[in-house]
Amino acid sequence: MSSKSPKGIARLVRPLVRRLHAYVPGEQPKVPGLIKLNTNENPYPPAPAVLRAIRKAVDPRLRLYPDPAATPLRQKLAQLHNCSPAHIFVGNGSDEVLALLIRAFVEPAAAVPASRRSRATVQYLWPCYSLYPVLAQTHGALARPVPLRKDFDLPTPDELRRGRRWDFKAALSFITTPNAPSGRGYTTDTLEELCRAQDGITVLDEAYVDFAEANAAELALRHPHVVVTRTFSKAYSLCFQRVGYAIAHPEVVSALDTIRDSYNVNGLGQLAAEVTLDHLPYYQRNFARIIASRERLHRELAGLGWRVLPSQTNFLLAEPPGPPAREWLERLREKLILVRWFPTPPLNRYLRITIGSDPEIDALLKAVRSQTKP
Ligand SMILES: Cc1ncc(COP(=O)(O)O)c(C=O)c1O
């Protein structure tokens, strides 16, 4: 068979790639009137100055490459975090940062003998952001899920030692904090205890941290093996622009710089993120609104018999009463409300609901009430 025929081309795809299951993102349907509470987007728009800056930049200069090192953005982020720009790495969304961390610090399993499996291990406290195993497998690394406690709290290093599944020498470990999809928040002390016990790179994925009571950015400045990742997507209403970053030791940043694409962050994204940082009070007001809406939704759903987990994010994980969560997903969809459901236990008992605007939450509650027997 010619390798140029469609079947022949399929045979040329690397076996590792053929076996992979791609990450499944939340749906982005274009249904008029749909209330989208499924991908943790921010219900409020970027600050008006951000929109103005983007509009103004859309001119013939688009023919030029952007700053390859995102220098002004890194300077502003360094100021925000009280560190030097050498501690900041910017990526095409934090997803790119997570992928590059694996590529820089983890060996493909085929490259190491069994006695050095830790060098090829990507481990993560699970449930967590479901992209981690996909990134590990894409790299040919060993993906190692280790369960959180039943209530999604962090195990202590001693508990992890007793459980024997956690590898304290793993090349790279991910902790989603606050946790997604449960919404559970963790204290910096507990995180630091885990980080101290760890030998390899330890990534604290703080995608939702602006909605939480504490953040652990200081740990990345205190411990050279700790990396904190952040995103402009959720709290800063910039999903469309794809900008994320890491706070890390300069050696880590330099390793990531070595392997990234030369222009990994697009120019409009860099600009939008820079202007965002000039208008933090606008966003802080939005965090407060989202947190207030989250607490209202929590109370009201609990009043309707739902078991709602405490959240420090812009979403709630909640177990509906009566019919299974999957059926609720479909019933809500019929009412043009889209939430997220994960098919694997223990998550399949729950729905994950992004905190929308107040009218969106009112519509959700109305739909829930209409499905709830008195
Ligand atoms: C925990 C977590 N980390 C990272 C990301 C990726 O965010 P970004 O849009 O910056 O790639 C997400 C997005 O859903 C997330 O939930």
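Residues numbered from 1 in each chain as written. Predicted model: local features only at pLDDT ≥ 70, side-chain atom pairs only at ≥ 80, totals over all residues. Heavy atoms only, no water.

## A short note on the packing of helix α12 (residues 280-303) against helix α14 (residues 358-371)
Two packed helices can be described by the angle between their axes and the distance between those axes.
Part 1: Two elements in contact, α12 and α14, have axes separated by 11 Å at closest approach and are oriented at 10°. Relative to α14, α12 is oriented roughly parallel. Here α12 contributes Ser293, Arg296, Leu297, Glu300 and Leu301 to the contact with α14, which in turn contributes Asp358, Ile361, Asp362, Leu364, Leu365, Val368 and Arg369.
Part 2: Tallied by class, residues from the contact of α12 with α14 come to six nonpolar, one polar and five charged. (Axes fitted to C-alpha atoms, helices over the stretch in contact; angles between N-to-C directions. Helix = DSSP H or I, 4+ residues; strand = E, 2+ residues; numbered from the N terminus. Parallel < 35°, antiparallel > 145°, perpendicular 65-115°, else oblique. Contact = heavy atoms within 4.5 Å. Nonpolar A, V, L, I, M, F, W, Y, C, P; charged D, E, K, R; others polar.)

## So, the domain arrangement of the chain
Part 1: Each domain of the chain was delimited in the assignment, giving domain 1 (9-46 + 281-371) and domain 2 (59-279).
Part 2: For domain 1 versus domain 2, the distance between C-alpha centres works out to 23 Å.
Part 3: Facing 33 residues of domain 1, the contacting portion of domain 2 comprises 32 residues.
Part 4: Both sides together, the interface formed by domain 1 and domain 2 hides about 2,600 Å², and carbon and sulfur atoms give 65% of it.
Part 5: Contact with domain 2 buries surface across domain 1, with Tyr23, Tyr283 and Gln312 losing the most and accounting together for 28% of the total.
Part 6: Where domain 1 touches domain 2, the interface holds zero salt bridges.
Part 7: At the junction of domain 1 with domain 2, the criterion picks out 11 residue pairs in polar contact (both at pLDDT 80 or more).
Part 8: Elements with a contribution of two residues or more to the side of domain 1 that touches domain 2: α12 and β10 (315-319).
Part 9: The greatest single-element share of the side of domain 1 that touches domain 2, amounting to seven residues, is contributed by α12.
Part 10: Among the residues making up the side of domain 1 that touches domain 2, the classes are represented as 22 nonpolar, eight polar and three charged. (Domains from an automatic or database assignment. Buried area = accessible area lost by both parts, 1.4 Å probe. Salt bridge = Lys/Arg side-chain N within 4 Å of Asp/Glu carboxyl O. Polar contact = N/O pair within 3.5 Å; in protein donor to acceptor, adjacent residues only side chain to side chain.)

## A look at helix α5 (residues 93-105)
Part 1: Look at α5: 19 Å from first C-alpha to last across 13 residues, which is about the 18 Å you get at 1.5 Å a residue.
Part 2: Within α5, 10 of the 13 residues are buried, which leaves it mostly tucked inside the rest of the structure. (Expected span 1.5 Å × (residues − 1). Buried < 20%, exposed > 50% of the residue type's maximum accessible area, 1.4 Å probe, protein only.)

## A look at the pattern of salt bridges
Part 1: Summed over the entire model, instances satisfying the criterion amount to 23 salt bridges.
Part 2: The salt bridge partner of Asp153 is Arg149, with a shortest N-O separation of 3.6 Å.
Part 3: Of the residues examined, Arg149 reaches a relative accessible area of 33% and is grouped as partly exposed.
Part 4: Through salt bridges with shared partners, one network takes in Arg149, Asp151, Asp153, Glu159 and Arg184.

## Focus: the sheet that holds strand β6 (residues 201-205)
Part 1: The sheet built from seven strands is open, its strands ordered β2-β8-β7-β6-β5-β3-β4 with mixed pairing. The two strands at the open ends of the sheet, each matched to only one other strand, are β2 (88-91) and β4 (142-147). Taken pair by pair, the neighbouring strands of this sheet meet at an average axis angle of 20°, ignoring direction.
Part 2: Alignment of β6 against strand β7 (residues 226-231), held across four bridges, turns out to be parallel. Among the inter-strand pairings, Leu204 is bridged to a residue of β7, identified as Val228. (Pairing = 2+ DSSP bridges.)

## Examining the pairing of strand β5 (residues 172-176)
Regular strands place their side chains on alternate faces of the sheet.
Part 1: Most of β5 sits out of view: five of its five residues are buried.
Part 2: Of the two faces of β5, the one carrying Leu172, Phe174 and Thr176 and the one carrying Ser173 and Ile175 are both buried.
Part 3: In terms of strand pairing, strand β3 (residues 121-126) meets β5 through three bridges, oriented parallel. From the neighbouring strand, Tyr124 faces β5, where its bridge partner is Phe174.

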